[in-house]
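Structure assessment
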Amino acid sequence: MSTPDVVVTGMGALTPIGGDVDSLWEGILQGRSGVRRIDDLLPEGKHLDELAVRIGAPMAVSPDTLLTRVQARRMDRCQQAALVAARQAWHDAGAPEVEPDRLAVVIGTGIGGLGTLLAQDDLLEERGPGKVSPLTVPMLMPNGPAAWVSIEFGARAGVYTPVSACASGAEALALAARLIRLGEADVVIAGGAEAAIAPLTLAGFAQARTLSKRNDAPERASRPFDADRDGFVLGEGAGVVILERADHAAARGARAIGRLAGIGITADAHHITGPDPTGDGQVRAIRRAVADAGLQPADVDHVNCHATSTVVGDVGEAQAIQLALGDHPVLTAPKSSLGHLVGAAGAVESILTLLSLAGGVIPATLNLETKAPEVALDVVAGRPRKLEMAAAICNSFGFGGLNVSLLFTRA
């Protein structure tokens, strides 16, 4: 029995540069940045004026404005974003007619309902346990975004939640595709969501020396592959796609945006936050994705890089790509525009990879003024580049040593 092809038939997104996929793509191609000062989002309090980082990339459109008041009050911000993006993707796919027992949901998150956790803990300490919301646990649990989406669409084939730090969204797409390949679902709503901009996360990442401290130049702060990079910018958002068995999509006359043809997942087993300095895990993930798609390294034209703008990570990824694929792929790094969406990053960047393939254009990497000398590959900068592509890879790497590479082809 042959393995079924998996195609993408719908996409939805809430990001720092737009409230849907069209505005995301338009903003990326125009070179807009979603990074800004976030003093308005930071509460006043003891020691909070000591925060070293006061920039971030919040969603351009708040998801609670796109839901009813009752819905919004029952969900954490990351759950709201996931549901809105899922609705967009479902509509974009033409609202597939599918049996509930053949419809699954896989929505990943790196942190989950952090806003709820922090707010309810404040209530507990300030006003006592009687003031804590009875919805606290369902609002903070990491599987909340996936659960709400499954309830919305009546998905009964399974509801899954990869929690794999910055690789969560990409792993969600991988798991979704495998469900279809294994015959457990015909359609899967898959993606990632995150809303974790808060003093605690900013302080924690800053203490780990992973965040940019360019508070006076927010739009120039995220600069992947640049010699002067100094860390990533924390963002938030959601990206959701509809994955579908190819023959199921064809039978209902659905448009196929692209094909998820190859999956590569590996682990470094090296360090809780740092990548394996040899790059072995990333190389193996990329090679597995290529092999899974039945292709050769020379067939991959483009890589949408994880590249967060950290000193070590960007160089390591570029070298891993070169080892796995050779010198020919053309690279881009959308976190220069979006910041790092953590658990949503892999899903949103997969959407960008699909749009690049379909449109034959690679967005530019912002703020790449002097490429780091250790990066030998071609990184698009300045303006978007037209390039006809047959296959592209989207990389996502997470704390804990998880590496996910997804290979997409044109439909």
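Everything below is about the structure printed above this text.
One structure accompanies this document, and this report is about it. Owing to the predicted nature of the structure, the values given are computational and were not obtained by experimental measurement. (Residues numbered from 1 in each chain as written. Predicted model: local features only at pLDDT ≥ 70, side-chain atom pairs only at ≥ 80, totals over all residues. Heavy atoms only, no water.)

Our focus in this paragraph is helix α13 (residues 345-359). With 15 residues, α13 ought to run about 21 Å at 1.5 Å a step, and its terminal C-alpha atoms sit 21 Å apart, in line with that. In terms of burial, α13 is a largely internal element, 13 of the 15 residues being buried. Looking one or two residues past α13, Gly-360 carries a phi angle of roughly 65°, positive in sign. (Helix = DSSP H or I, 4+ residues; strand = E, 2+ residues; numbered from the N terminus. Expected span 1.5 Å × (residues − 1). Buried < 20%, exposed > 50% of the residue type's maximum accessible area, 1.4 Å probe, protein only.)

Now for the side chain of Asn-395. Looking at where Asn-395 falls in the secondary structure, it is placed in strand β14 (residues 391-398). In this structure the side chain of Asn-395 is engaged in a polar contact, spanning 3.1 Å, whose partner is the side chain of Glu-317. Apart from residues no more than four positions distant in its own chain, Asn-395 is found in contact with Ile-286, Val-303, Asn-304, Cys-305, His-306, Glu-317, Ile-321, Glu-349, Val-404 and Ser-405. (Polar contact = N/O pair within 3.5 Å; in protein donor to acceptor, adjacent residues only side chain to side chain. Contact = heavy atoms within 4.5 Å.)

What follows deals with the pattern of salt bridges. Using the criterion set out here, one finds 23 salt bridges in the structure. The closest approach of N and O atoms between Asp-92 and Arg-255, which form a salt bridge, is 3.0 Å. In this pair, Asp-92 is assigned in helix α3 (residues 77-92) and Arg-255 in the loop between α9 (246-251) and β8 (258-267), connecting sequence segments 163 residues apart. Note that Arg-284 and Asp-280 form a salt bridge whose closest N and O atoms lie 2.8 Å from each other. Here Asp-280 and Arg-284 lie together in helix α10 (residues 280-292), a separation of 4 residues that amounts to about one turn. One salt-bridge network, held together by shared partners, links Arg-102, Asp-186, Arg-245 and Asp-247. (Salt bridge = Lys/Arg side-chain N within 4 Å of Asp/Glu carboxyl O.)

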